[in-house]
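# An overview of the molecular structure
Residue-level listing of the chains:
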Amino acid sequence: MPAKKKKAAKKRRPRRRRSAKQRRARNRLIAALASVTFVLVAGFILHLYVSVGDRFEGRLWANPSRIYSAGWTLYSGAPATLESVARRFERCGYARSETTPQKPGRYRVDRDTLEVVMRPFDGPGEAPPEGLIRIRFGGRRVSSIRGADRRRIEALELEPELLATQYGARQEEREVLPYERIPPRVVDAVLAAEDARFRDHGGVDLRAVIRAALANTRSGRIVQGGSTITQQTVKNLFLHQRRTWWRKLRELPMAMMLDARYSKDRILEVYLNEIYLGQRGSVAICGVQAASRFYFGQDVSGLSVSEAALLAGLIQSPGRNNPFKHLERATIRRDQVLDAMHRLGTIDAEALEAAKAEPVVLGSGKGGFARAPYAVDYVNAELTHFFPEEALRGGRRVYTTIDTSIQQAAEQALTSGLERLERDYPVVKRQMEQRTLQGTVIVTRPETGEVLAMVGGRDYRRSQFNRAFQAKRQPGSCFKPFVFAAGLENAAEARDGWLTASTLIEDGPIELTSGGKRWSPSNYDGEFRGPVTARRALEQSLNVPTVRAARHAGLDRVVDVARRAGVRSPLKPLPSIALGTMEVTPLEMATAYGTLARQGERIAPTIVRELRDDKGEVLFSRRRESTRAIDPAAAFLTTHLMEGVFENGTARRASALGFQGRAAGKTGTTDDTRDAWFIGYTPRLLALVWVGYDDNARTGLTGATGALPIWVDIMKRAGMERSYARFPAPPGIVRVHVDPDTGGRAVSGCRHATTELFLEGTEPQEDCREHRRGWARWFKRDRDREREEKLKNNRWWRKRRPPDI
């Protein structure tokens, strides 16, 4: 047989048949593999099922907590300009309209009038009136406020401004709404733009999948998704954003599971609250409510069909269709969505044309005030006294007492003031390369103790150290009012060591032992003036008479008065305490001065007004708690002494700087000019200013040159430069004409006689001996002797007799 035929026969030789044993083994292997595959697939599906359910039924989002300012109450005569109120609405995201506004969240400026339709807001305070409101301005004040029917509105409270948003791991601005609160026109627009067959398919639209698969096959990569709203929801909640085959493989079964387990309305609710719709800086705008506020300055419930279509058109590409940057492109996309809505029958031809013709009116896109970081830090510090840190997360709303107009005035005044000092004062200018001149401002409302503004430093980005309540500094002469308050309170309580405004105190050399060391205080100018009144000692900030007054009133008593007023830092009863050598915080000094402004009633500084959870329930509401700390008459008379600081004392240049009103206050300068202070107040506003270096370097500034100009600037920016309100006097205060040099009752020869206030029974009984004339001088001297003889045995008078210090 030829070789080729043998080879062919060999090839045709039949295979040996496998044995039954081998076939059974093979079948068992196939069955095992099938079982394993089934178990793995079932386990995978079960895992997806459980994962979908756990996430979908749990807390879907870590909502940010928000911190708000106080509302701004406008009334006829209120200090405010049209520009400042318009800026407030702009910061709150309101849309500026060219025509009379018809919808909430819009305003218009028309010459001296601002027209606005306010949107409702949650939080403390009264809800705004509905309809159009007209606010007319005259100069720097509100002249009238009227409603839509021309009726007069006595007071109008503007909504609080957003100060800060505290996010979790993801910076997402979102306000979750239930499905029932999302208007049907928004739902219709989103369905028309993204998933017209949403109500009909089972989570996956096979037509769209086939269409996308063909397009992806032709291109060799994924260029179309074909995703339904359910699939997008799965992708946003459970998967990543990259377009890959593996993501699609997981997305399809998860979408079908989601559709099988939950209603269409529930899926839509999650989708409309989750969807990404834009960016404000580093913060993502998520959900239709947050987007409606961001783009249109109003709640989603107020959107028109045209606005709803523009919002829905953003989903395709929020960056490309951003109306702030690409208005024409956004309008084209809006019209495409409107056409889709018309094809689906959700709007008719007339509504379609009207929606396309409607002009796009955008909000400001602003994210609130967001310029009070030091105040926000103090808010968080205060809240941790009442709640654990984790309780302050998850959509909490904190309403504060911060007045953003005052806060802005404080920030601007401090910044410009420090720049001026660096430019005009050589000592500061020389140190600019080595260190940064710092400052702090605290503004409170004396009547309530509310913190209206807090600036803890020059630049929060460079230093987060809040000098307002964390820094310990020597107050210097700002402490002196408590020395005289102690003496005045001794008089009110008939104690030893009392004094009055007319008490003569020796301004001459004195040597004391303080802390085991010999100490000889001197005045700032190194001069001695002889006997001076207590008023002049405080007005001129004379050190030596103040030290004598402190020793006379009792050092323990001075410490006690300061503590009761609000100073919590350690104080020692040493003679040097009269000159403010013990370190305190600026906030303590603001609290203590507030006690004097309230006639001795101490109220702890308040910055948190109310705390609410994400459902609007009030968790905490601050109640006013006050304590009688200092005798009312003593506190009032101390305030009256400090009014003279503006008229005749170290703050008299405030008038030249532009402050023309009535106020009480005190400058403060420490050794070697390391600290410059000024604390001043009217019945309506108290402001504290400190200037210095963090390392205690010399500034070359006094309270009058470094801090007072900033204080005046704050008052001018706040519209308080012409505040003439008087401090109300408590019962028992009498007025007496006295000679300012001798402290005695004024006579005809006293050329500089002035009216002084006293607690009844402590007023001077003797006439001025220096200015009597001729026979009257001798006659009055004899009459004074007779009066003194009669009072020698009067025990009450011995306790009330003006002391010699």
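Scroll up to find the structure this text is about.
Below or above, wherever it landed, is the structure these notes cover.

Cut-offs and rules
- Residues numbered from 1 in each chain as written.
- Predicted model: local features only at pLDDT ≥ 70, side-chain atom pairs only at ≥ 80, totals over all residues.
- Heavy atoms only, no water.
- Helix = DSSP H or I, 4+ residues; strand = E, 2+ residues; numbered from the N terminus.
- Buried < 20%, exposed > 50% of the residue type's maximum accessible area, 1.4 Å probe, protein only.
- Contact = heavy atoms within 4.5 Å.
- Areas by Shrake-Rupley, 256 points an atom, 1.4 Å probe, with all protein chains shown as cover.
- Phe/Tyr/Trp six-rings, centres within 6.5 Å; stacked < 30°, edge-to-face > 60°.
- Lys NZ or Arg CZ within 6 Å of the ring centre and 35° of its normal.
- Axes fitted to C-alpha atoms, helices over the stretch in contact; angles between N-to-C directions.
- Parallel < 35°, antiparallel > 145°, perpendicular 65-115°, else oblique.
- Nonpolar A, V, L, I, M, F, W, Y, C, P; charged D, E, K, R; others polar.
- Core = buried A, V, L, I, M, F, W, Y, C linked by side-chain atoms within 4.5 Å.
- Patch = residues over 30% accessible without salt bridge, like charges linked within 9 Å, V, L, I, M, F, W, Y side chains within 5 Å.
- Salt bridge = Lys/Arg side-chain N within 4 Å of Asp/Glu carboxyl O.
- Pairing = 2+ DSSP bridges.
- Lys, Arg positive; Asp, Glu negative; His and termini not counted.
- Charge placed at Lys NZ, Arg CZ, Asp CG, Glu CD.
- Polar contact = N/O pair within 3.5 Å; in protein donor to acceptor, adjacent residues only side chain to side chain.
- Expected span 1.5 Å × (residues − 1).
- Arc of directions from axis to C-beta.

We now examine the overall build of the protein chain. Across its full length, the protein chain holds 25 helices and 28 strands. Out of the 805 residues belonging to the protein chain, those deemed buried represent 53%. Taking the contacts inside the protein chain whose residues are at least 6 apart along the sequence as the reference set, 68% of them involve residues at least 24 apart. For the protein chain, the accessible area works out to roughly 38500 Å², and carbon and sulfur atoms hold 49% of it.

What follows deals with the packing of aromatic side chains. For the structure shown, the criterion picks out 17 aromatic pairs. Measuring from ring centre to ring centre gives 5.7 Å for Phe646 and Phe659, while their planes differ by 45 degrees; the resulting arrangement is tilted. Of this pair, Phe646 sits in helix α21 (residues 632-648) while Phe659 sits in the loop between α22 (654-657) and β24 (664-669); the two residues are 13 residues apart in sequence, bridging distant segments of the chain. Overall, the relative accessible area of 11% leaves Phe646 in the buried class. Classification of Phe659 by relative accessible area gives buried; the value is 3%. Plain terms: the ring middles of Phe646 and Trp711 are 5.5 Å apart, the flat faces sit at 45 degrees to each other, and that makes the pair tilted. With Phe646 in helix α21 and Trp711 in helix α23 (residues 703-717), this residue pair connects regions lying 65 residues apart in the sequence. Trp711 carries the same exposure label as Phe646, and that label is buried. The ring of Phe198 has Lys264 sitting right over it, with the charged end atom 4.6 Å from the ring centre. Positioned above the aromatic ring of Tyr693 is the side chain of Arg435, whose terminal nitrogen or guanidinium carbon lies 5.8 Å from the ring centre.

What follows covers the packing of helix α4 (residues 184-194) against helix α8 (residues 264-274). A packed helix pair is summarised by two numbers, namely the angle formed by the two axes and the spacing between the axes. Running from N to C, α4 and α8 cross one another at 85 degrees; their axes reach a closest spacing of 12 Å. Our classification of the angle between α4 and α8 gives roughly perpendicular. Mapping the contact onto sequence places Val187, Val190, Leu191 and Glu194 in α4 and Leu268, Tyr271 and Leu272 in α8. Residue classes in the contact of α4 with α8 are distributed as six nonpolar, no polar and one charged.

A few words now on the nonpolar core. Core analysis: the largest hydrophobic core is formed by 85 residues, its most contacted members being Phe482, Phe484, Leu571, Met589, Tyr593 and Tyr681. The contact partners of Phe482, leaving out residues within four places of it in the chain, are Val558, Val561, Ala562, Ala565, Met589, Ala592, Tyr593 and Leu596. By size, the runner-up hydrophobic cluster in this structure holds 53 residues, among which are Leu272, Leu303, Leu310 and Ala312.

What follows covers a nonpolar patch on the surface. Residues Leu206, Ile210 and Leu214 make up a contiguous nonpolar surface patch of about 320 Å² in total accessible area. Along the polypeptide, Ile210 turns up in helix α5 (residues 206-219).

What follows deals with the sheet that holds strand β10 (residues 172-173). Reading across from one edge, β10-β12-β11 is the order of the three strands in this open sheet, with mixed pairing throughout. With one partner strand each, in any of the chains shown, β10 and β11 (276-280) form the two edges of the open sheet. Note that β11 and strand β12 (residues 283-286) share four bridges and pair antiparallel. Looking at the pairing, Gly278 lines up with Ile285 of β12.

Applying the stated criterion to the full structure yields 48 salt bridges. Among the ionic pairs, Arg612 bridges to Glu610, the shortest N-O distance being 2.5 Å. A single burial state applies to Arg612 and to Glu610, both of which are buried. Salt bridges sharing common partners tie together Glu489, Glu493, Arg495, Arg557, Asp560 and Arg564.

With that out of the way, let us pick up the packing of helix α11 (residues 327-344) against helix α12 (residues 349-357). Where α11 contacts α12, the two axes come as close as 10 Å, and the packing angle between them is 170 degrees. Here α11 is positioned roughly antiparallel relative to α12, judged by the angle of their axes. Listed contacts from α12 to Arg334, Asp335, Leu338, Asp339 and His342 of α11 are Ala349, Leu352, Ala355 and Lys356. The class makeup of the residues in the contact of α11 with α12 is four nonpolar, one polar and four charged.

A surface patch of positive charge is lined by Lys21, Arg23, Arg24, Arg26 and Arg28. With respect to the helices, strands and loops of the structure, Arg28 is situated in helix α2 (residues 20-57). By relative accessible area, which is 54% here, Arg28 ends up exposed.

Topologically, Ser723 is positioned in the loop between α23 and β27 (733-738). Among the residues examined, Ser723 registers a relative accessible area of 9% and is labelled buried. Ignoring anything within four residues of it in the chain, the contact list for Ser723 reads Gly661, Arg662 and Thr682.

Turning our eyes to something else, we now look at the side chain of Arg119. Within the secondary structure, Arg119 is located in the loop between β5 (113-117) and β6 (132-138). Its relative accessible area of 3% is what places Arg119 among the buried residues. Of the polar contacts made by the side chain of Arg119, one reaches the side chain of Glu159; its length is 3.1 Å. Each residue touching Arg119, except ones within four places of it in the same chain, is listed here: Cys92, Gly93, Tyr94, Pro104, Gly105, Pro128, Glu159, Arg293, Gly297 and Gln298.

Quick look at the environment of Leu206 now. With respect to the helices, strands and loops of the structure, Leu206 is situated in helix α5. Taking the C-alpha atoms as reference, Leu206 lies 9.9 Å from Thr228; in sequence the two are 22 residues apart.

With respect to burial, helix α6 (residues 229-238) is a largely interior element, nine of its 10 residues being buried. For α6, every residue scored as buried is listed here: Ile229, Thr230, Gln231, Gln232, Thr233, Val234, Lys235, Asn236 and Leu237.

Given a rise of 1.5 Å per residue, 18 residues ought to cover 26 Å, and the 26 Å separating the end C-alpha atoms of α11 matches this to within 8%. Of all the residues in α11, the buried ones are Ala330, Arg333, Arg334, Val337, Leu338, Ala340 and Met341. Around the axis of α11, the buried residues are gathered within 160 degrees of arc, so they sit on the same side. Away from its buried face by more than 90 degrees, α11 exposes Glu328 and Arg343. The secondary structure elements touched by the buried residues of α11 are α4, α10 (305-313) and α12. With its phi angle positive at about 85 degrees, Gly345 sits one or two positions after the end of α11.

Before going further, it helps to spend a moment on the pairing of strand β4 (residues 106-110). Bridge count for strand β3 (residues 95-96) against β4 is two bridges, and the pairing is parallel. Bridged to Arg96 within β4 is Tyr107. As defined by bridge partners, β4 adjoins β5 across five bridges and the pair is classed as antiparallel. In the strand pairing of β5, Asp110 is matched with Thr113. What sits between β4 and β5 in their antiparallel hairpin is a turn of two residues, with Arg111 showing a positive phi close to 55 degrees.

A word on unusual backbone geometry. Located in the positive-phi region is Arg111, a residue other than glycine, with phi close to 55 degrees. Tracing the chain through its elements places Arg111 in the loop between β4 and β5. With a phi angle near 60 degrees, Asp672 is a residue other than glycine that sits in the positive phi range. Examined against the element boundaries, Asp672 turns out to sit in the loop between β24 and β25 (675-681).

Geometry only, nothing functional implied.
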